[in-house]
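# Analysis of the macromolecular model
If you want the building blocks of each chain, they are given just below.
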Amino acid sequence: MEIRAIMVIGAGQMGSGIAQVAAQSGFSTLLHDISMEAVQKGLLAIRKSLAKFVEKGKLSPEEMEAALARLTPCDDLAAAAECDLAIEAVVENMGVKAKIFRELDRLAPPNAILASNTSSLPITEIAAVTGRPEQVIGMHFMNPVPLMKLVEIIRGLATSDETYEAIEALSRRLGKTTAECRDVPGFISNRVLMVMLNEAIWCLYEGVASAESIDTIMKLGMNHPMGPLTLADLIGLDTVLAILQVLQDGYGDPKYRPCPLLRQYVKAGWLGRKSGRGFYRYA
């Protein structure tokens, strides 16, 4: 199947990043959200991101403008009728995602592939709300999307070989490296990562060390590019909590039990970079 037009549902940090990469790679790209205000905010983030590439000499001004010209804002899911691939990148909530996939199944062309950027929720369950489960797949991009090379591809029980091959080929066209994973809670990336982040939060909660010390030890001692608490702030503490809850529910193992400090921060609205405060303060 040839993919020419892509629709990205959700203009937040992940969705805008996916849309940017798609447009840069030559695809006609629809960026959707529930309001045009949210879409415009996403487009502004894309413009700023592209401008940084131009400043660093990794993109010409002409290439930037060409990428922006391939982006079309929309706040109506009916635009899915124009796409060959829809990539959902909304909040990590099964109810919200299921509602979107029901609508996409109704609105998108019969041969269109429906993908989810979910970081932990089961693809098989998402696919089950559609009449085309063989054309539903997980495309888990890493944050920030324009810089990170990996796409974790998750096959549901019914995902066809044709769908997988089309998405693997598309990912390569987006300049990404792919890794296939079975449809299990948290897949590979977050099944491993969230245990580390949660343990770092427990260390902070128990007063073992300061946030700065915990991050420094993991950066300099383990050669990680950023510390676990800084990374949690970047991901969003609400997202970290949601993924840990999926892991705990999926495996029933106490090692995935979210630290009370994480729950407290989320209830306080301290969600990390996007709210201006998490384990660190941000301007």
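Residues numbered from 1 in each chain as written. Predicted model: local features only at pLDDT ≥ 70, side-chain atom pairs only at ≥ 80, totals over all residues. Heavy atoms only, no water.

With that settled, consider the state of the cysteines. By the definition in use, this model includes zero disulfides. Lacking any disulfide linkage, Cys74 is separated from the closest cysteine sulfur, that of Cys83, by 9.5 Å. Assessed through its relative accessible area of 8%, Cys74 is described here as buried. Left unpaired, Cys203 is separated from the closest cysteine sulfur, that of Cys259, by 9.3 Å. (Disulfide = S-S within 2.5 Å. Buried < 20%, exposed > 50% of the residue type's maximum accessible area, 1.4 Å probe, protein only.)

A separate point is the pattern of salt bridges. A full pass over the atoms with the stated rule returns nine salt bridges. Arg155 serves as the salt-bridge partner of Asp161, at 2.5 Å between the closest nitrogen and oxygen. We classify Arg155 as partly exposed; its relative accessible area is 21%. (Salt bridge = Lys/Arg side-chain N within 4 Å of Asp/Glu carboxyl O.)

At the junction of Asn143 and Pro144, the peptide bond is cis and its omega measures out at 0° in the coordinates. As for its placement among the helices and strands, Pro144 is situated in the loop between strand E6 (136-141) and strand E7 (150-155). With phi around 55°, Phe187 is a residue other than glycine that occupies positive phi space. Take Phe187: it is sitting in the loop between strand E8 (177-182) and helix H7 (189-205). For Phe187, a relative accessible area of 0% corresponds to the buried category. With a phi close to 65°, Asn223 is a non-glycine residue in the positive phi region. On the secondary structure map, Asn223 appears in the loop between helix H8 (211-222) and helix H9 (228-235). Of the residues examined, Asn223 reaches a relative accessible area of 68% and is grouped as exposed. (Helix = DSSP H or I, 4+ residues; strand = E, 2+ residues; numbered from the N terminus.)

Moving on: the UniProt feature "site: Important for catalytic activity" (unreviewed entry) in the chain. The sites that carry the UniProt feature "site: Important for catalytic activity" (unreviewed entry) are, in the present numbering, His140. Within the fold, His140 resides in strand E6. For His140, a relative accessible area of 6% puts it in the buried group. Excluding residues within four positions of it along the chain, His140 makes contact with Ser116, Asn117, Thr118, Ser119, Leu150, Val151, Glu152, Ile154, Phe187, Ser189 and Asn190. Here Glu152 takes part through its side chain, which lies 2.8 Å from a polar atom of the side chain of His140. (UniProt positions renumbered as here; feature names shortened; annotations may be inferred. Contact = heavy atoms within 4.5 Å. Polar contact = N/O pair within 3.5 Å; in protein donor to acceptor, adjacent residues only side chain to side chain.)

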